[in-house]
Amino acid sequence: MLRKINSQRLLENIERYAQIGKAGKIGVERIALSREDQQARDLFKTQMIKAGLVVSVDEIGNMIGLRPGIQNVAPVAIGSHLDTVYQGGRFDGAVGVLAGLELIQTLNDQNIETQKPIALINFTNEEGVRFAPDMMGSHAFAKLGDLASILESAAYDNQEQTVDSELQRIGYKGAMKCGAIALDSFLELHIEQGPVLEMKGTNIGAVEMVQGIYWTKYTIQGQANHAGTTPIALRKDAGYAAAQIMKFIGDLSRVEGSRLLTTVGTVEFKPNAINIVPDSARFTLDARSVDLEVLQNGQLQIDEFINGLLIQSDLRLKREEMVRFAPVQFDAAVVDLVESAADRLGCSVKRMPSGAGHDAQMMAAICPTAMIFVPSVNGVSHNVAELTLDADLENGANVLLNACLALTNR
Ligand code: GLV
Ligand code: MN
Ligand code: MN
């Protein structure tokens, strides 16, 4: 039997969270472990308790709300993240969390008991714009790294602030061990953040895989000197070297047929003055591909180019690997369930890969996992103009509800 969520309640709740860290007309800036993140978490905790969930917080600040099932077995988990990037949108992450809450409220309203319990999760720091790595909470939940070093991760803009100290400051350093709850499966609803669904006029994406992500921080050390008196041949210009490297990085993914996506999203010169040859240039590389070999080769080519350039120009390099996530394949049976729920609801559906990183790619390491995508207007995301239409949000939440019910009863 098909079930439907209360779309008006869902849309009102999305609007409510969009006020926490409001940026521009419809955007949101709610950086992980900030005051705004704390406010959104407090509201979410209150709403989960009101919906009858038993709420726990784990050591990395993941918030987990449990709804019991008829059987005392591993829960089916749903969820996403409430943090955003700088000047981000109201939908990226929040849709998955709030549609999950709406799902629980709908089950309560309709007196539906499920065979398996359901766990609703808000993962900590999915975006990674303040602390690396991204997908931090799900990464820790799946026990894929060393928790102690993740907790020591310092904010990019303030070495005094660590994940641990900020979790304590906002009151979300929980007692539960990461991954203490074994899960039956995981399902994440998310906006596509790209143009594919809209271009094809398709309602729902049944996500089959997430592409690989490599993040690297490069710091080039040269020598500060006078911009007017230092002959070009005698300069150790970290800024000029960084510019050449950035051009190489950008060109690599602009070659016809390239399957590599490269982005230099941050750059910082020191001392950063108009008349001083920069003695330090720091920039980050975000490289992605659906093909691990393409990603590895691209990274290799970039590093070879940098090494060659630095030898020629007598500069020094510090290279830090921040993230190394291989492409992840989702569970075929869970993808099938998403597709069939969409079908039954009368939604057009397309199987597709995810270009963005998601908590689901970490959860796939510990349980059968898949994702549901809904269209993004003009394919715009990580931008205050990010928009998904009400009808698409409603479709996505209904697919989440019915696919989740299929999982709880399988
Ligand atoms: C997460 O938003 C990412 O960077 O893909
Ligand atoms: Mn997201
Ligand atoms: Mn994002």
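Everything that follows concerns the structure shown earlier in this document.
Below is a short write-up of the structure. The structure displayed is predicted, hence computed values, not measured ones.

### Comments concerning the site of ligand 1
Taken together, E126, E127, R288, A356, G357 and H382 are the residues near ligand 1. Here an oxygen atom of ligand 1 sits 2.8 Å away from a polar atom, N or O, in the side chain of R288. Burial of ligand 1 by the protein amounts to 95% of the accessible area it has alone, namely 190 Å². In terms of residue class, the shell around ligand 1 is made up of one nonpolar, two polar and three charged.

### As for the packing of aromatic side chains
Throughout the structure, instances matching the rule amount to four aromatic pairs. Each ring, one from F123 and one from F141, has its centre 6.2 Å from the other, and the planes form 85 degrees; the classification is edge-to-face. On the criterion of sequence distance, the pair formed by F123 in strand 6 (residues 118-123) and F141 in helix 4 (residues 136-141) is long-range, its members being 18 residues apart. By relative accessible area, which is 1% here, F123 ends up buried. Its relative accessible area of 2% is what places F141 among the buried residues. Measuring from ring centre to ring centre gives 5.8 Å for F123 and F186, while their planes differ by 70 degrees; the resulting arrangement is edge-to-face. Of the two residues, F123 sits in strand 6 while F186 sits in strand 9 (residues 185-191), which places them 63 residues apart along the sequence.

### Digging into the packing of helix 8 (residues 238-252) against helix 9 (residues 292-313)
Across the interface, helix 8 lies against helix 9 with an axial gap of 10 Å and an inter-helix angle of 155 degrees. Judged by the angle between their axes, helix 8 and helix 9 are roughly antiparallel. The handedness of the crossing between helix 8 and helix 9 is right-handed. Along the contact surface, helix 8 presents A241, Q244, I245, F248, I249 and L252, while helix 9 presents G298, Q301, I302, F305, I306 and L309. Looking at the contact of helix 8 with helix 9, its residues break down into nine nonpolar, three polar and no charged.

### Regarding the coordination of the manganese ion (ligand 2)
In a perfect tetrahedron of four donors around a metal, the angles come out at 109.5 degrees. In a perfect octahedron of six, they are 90 or 180 degrees. Around the manganese ion (ligand 2), the donor atoms from the protein are H81 (NE2), D92 (OD) and H190 (NE2), and they sit 2.0 to 2.3 Å away. As a motif over one chain, the donors of the manganese ion (ligand 2) read H-x10-D-x97-H. Distance-wise, the manganese ion (ligand 3) is placed 3.6 Å from the manganese ion (ligand 2), both being coordinated by D92. Separated by 98 residues along the polypeptide, D92 in the loop between strand 5 (76-81) and helix 3 (94-109) and H190 in strand 9 bring together distant segments of the chain. Using a relative accessible area of 5% as the deciding quantity, one classes D92 as buried. Taking the relative accessible area as the measure of exposure, H190 reaches 1% and is therefore buried.

### Description of the pattern of salt bridges
A complete count under the given rule lists 21 salt bridges for this structure. A salt bridge links R351 to E208, with the shortest nitrogen-to-oxygen separation between them at 3.3 Å. With R351 in strand 19 (residues 349-354) and E208 in strand 10 (residues 204-210), this pair connects stretches of sequence that are 143 residues apart. Classification of R351 as partly exposed rests on a relative accessible area of 28%. Using a relative accessible area of 29% as the deciding quantity, one classes E208 as partly exposed. Close ionic contact of K236 with D314 constitutes a salt bridge, the shortest N to O distance being 3.4 Å. Placement of K236 in the loop between strand 12 (225-226) and helix 8 and of D314 in the loop between helix 9 and strand 17 (316-325) is noted, with a sequence separation of 78 residues between them. Overlapping salt bridges, with partners in common, bring together E208, D336, E339 and R351 in one network.

### A short note on the packing of helix 1 (residues 7-18) against helix 2 (residues 35-50)
Relative orientation of the contacting elements helix 1 and helix 2 amounts to 150 degrees, with a least axis distance of 10 Å. Taken together, the axis directions place helix 1 and helix 2 in an arrangement best described as roughly antiparallel. Seen from above, helix 1 lies across helix 2 with right-handed handedness. On the side of helix 1, the interface is formed by N13, R16 and Y17, while helix 2 contributes A40, L43, F44 and Q47.

### Observations concerning the environment of L11
Assignment of secondary structure puts L11 in helix 1. The class of L11 is partly exposed, set by a relative accessible area of 25%. The contact partners of L11, leaving out residues within four places of it in the chain, are D390 and L393.

So, how was this worked out
Residues numbered from 1 in each chain as written. Chains lettered and ligands numbered in written order. Predicted model: local features only at pLDDT ≥ 70, side-chain atom pairs only at ≥ 80, totals over all residues. Heavy atoms only, no water. Near = heavy atom within 4 Å. Polar contact = N/O pair within 3.5 Å; in protein donor to acceptor, adjacent residues only side chain to side chain. Areas by Shrake-Rupley, 256 points an atom, 1.4 Å probe, with all protein chains shown as cover. Nonpolar A, V, L, I, M, F, W, Y, C, P; charged D, E, K, R; others polar. Phe/Tyr/Trp six-rings, centres within 6.5 Å; stacked < 30°, edge-to-face > 60°. Helix = DSSP H or I, 4+ residues; strand = E, 2+ residues; numbered from the N terminus. Buried < 20%, exposed > 50% of the residue type's maximum accessible area, 1.4 Å probe, protein only. Axes fitted to C-alpha atoms, helices over the stretch in contact; angles between N-to-C directions. Parallel < 35°, antiparallel > 145°, perpendicular 65-115°, else oblique. Left-handed = near helix turned anticlockwise from the far one by under 90°. Contact = heavy atoms within 4.5 Å. Donors = N, O, S within 2.8 Å, 3.2 Å for Na, K, Ca; no water. Salt bridge = Lys/Arg side-chain N within 4 Å of Asp/Glu carboxyl O.

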